[in-house]
Amino acid sequence: MGAHRRGRGLAGVSVREAAPASAPPQRDRYFDTLRALALIRVVGYHTFNWAWAGLVFPSMGIMFALAGTLMAKSLERPAPKVVRSRLRRLLPPFWFWGVFVVLAMLLHGWMPDWRIVYWIVPLGDPPGNAWGEQAWEILWYLRTYLWFVLLSPLLLRVFRLAPLPVLVLSLVPVLVLNFVWAGPDGRIGTALWDLSTYLCCWLLGFAHRDGVLRRMRPAAVVVLSLAALGFGGWYALAHRAEFGTYDLDENPLAQAFWSAGFVLPLLWAKARFGIGFARLTRFRRTNRVVTVFNARAVTIYLWHEIALLLAVPLIDRFWDVPAFESYLPLDSQWFLFGVGWLLIGVFVLLCGWVEDVAARKRPRLLP
């Protein structure tokens, strides 16, 4: 059902606030901060394996909602141009990262077949061997995001026919897959599950951009949000024995409802009150961190698992240094978390420039 440890993601391109034509567009720090927090939560989840992480902050639902908002805004331009732009920004960093992963798997006995084409355009899950699984299993997000991008011109038309009914009905596919028909096996079935799980969040992004959420009454938002959260939380806990955990990443139906219920008030508050976190720019260092996280979101997402993998043998070498063994918490997961972020920083410096090239900008070590 496509339930590989899911709590990770990114939203793609930058979000900008509306500004007068004479003024340069300003970053929307509300969305930027949500994206940065989602990336931090992703790395934390993969370090500590916290089952409760998705309940506290369902990063994937939030990131798909942000991406949906961006896509609705972009589709004010011709759809083919928008889709080409999204592919151009997404695929080069993926190809650059994939060269290293594929070569490493080839050196460890992997024999590819025709499915290697998914390493060129990930419309299906790219294949690999067990040795590299921790690195390539995160690609489910890129595949799902890519399908949403391709489907968005049609989805946006359908959504605008009847926004609120379409929003409610967007949760029906995951109910059907869960209770009526589990879908086909293989890549098609996995894609259907992931698209169904996050469809409502993507459409909530449309609703935010089109002003649908801004017009909703507070009472309706509270009732709908609590209902979705209540059902999602109940289903996760009630079926804990079936899935072996209450982790939402292992339970698509619970993930779909919990994420929708969590995202709805976040985007409604943004639309209704115009929250922008503009004061964040007063804090130079924090503002800088948020800027880097957003400009290098694809790089952080793709390379973070490799950074955590490399951190383990690196820390093992620290045990050979008596001073490190005595004074550093080498057996702590928090130490692994810290070393992982240091290595992520190295990858951002070494590989982040690919995102600049993909965006047709001058390559820089840091934005």
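Scroll up a little and you will see the structure.
Residues numbered from 1 in each chain as written. Predicted model: local features only at pLDDT ≥ 70, side-chain atom pairs only at ≥ 80, totals over all residues. Heavy atoms only, no water.

Peer 1: I'd love a proper account of the side chain of H304, names of residues and values included.
Peer 2: Note that H304 resides in helix α14 (residues 297-318). Classification of H304 by relative accessible area gives buried; the value is 1%. In terms of polar contacts, H304 uses its side chain to reach the backbone carbonyl oxygen of Y301, at 2.6 Å. Contact partners of H304, with chain neighbours within four places excluded, come to V42, V43, H46, I138 and I344. (Helix = DSSP H or I, 4+ residues; strand = E, 2+ residues; numbered from the N terminus. Buried < 20%, exposed > 50% of the residue type's maximum accessible area, 1.4 Å probe, protein only. Polar contact = N/O pair within 3.5 Å; in protein donor to acceptor, adjacent residues only side chain to side chain. Contact = heavy atoms within 4.5 Å.)

Peer 1: Can you tell me about the side chain of H46, naming the residues and giving the values?
Peer 2: For H46, the position within the fold is in helix α1 (residues 29-48). A polar side-chain atom of H46 sits 2.8 Å from a polar atom in the side chain of H304.

Peer 1: Give me the lowdown on a nonpolar patch on the surface, citing residues and values where you can.
Peer 2: Judged by side-chain polarity, W95, W114, I116, V117, I120, V121, L123 and L150 come together as a nonpolar surface patch covering roughly 700 Å² of accessible area. Relative to the helices and strands, L123 resides in the loop between α4 (79-107) and α5 (133-136). Overall, L123 belongs to the partly exposed group, its relative accessible area being 32%. (Patch = residues over 30% accessible without salt bridge, like charges linked within 9 Å, V, L, I, M, F, W, Y side chains within 5 Å. Areas by Shrake-Rupley, 256 points an atom, 1.4 Å probe, with all protein chains shown as cover. Salt bridge = Lys/Arg side-chain N within 4 Å of Asp/Glu carboxyl O.)

Peer 1: Report on the packing of aromatic side chains, specifying residues and quantitative values.
Peer 2: What the rule picks out here adds up to 39 aromatic pairs. Three or more aromatic residues link up through ring pairs in this structure, and these residues are F64, W140, Y141, Y145, F148, Y198, W202 and Y301. The ring of F31 is capped by K270, whose NZ or CZ atom sits 5.6 Å from the centre of that ring. (Phe/Tyr/Trp six-rings, centres within 6.5 Å; stacked < 30°, edge-to-face > 60°. Lys NZ or Arg CZ within 6 Å of the ring centre and 35° of its normal.)

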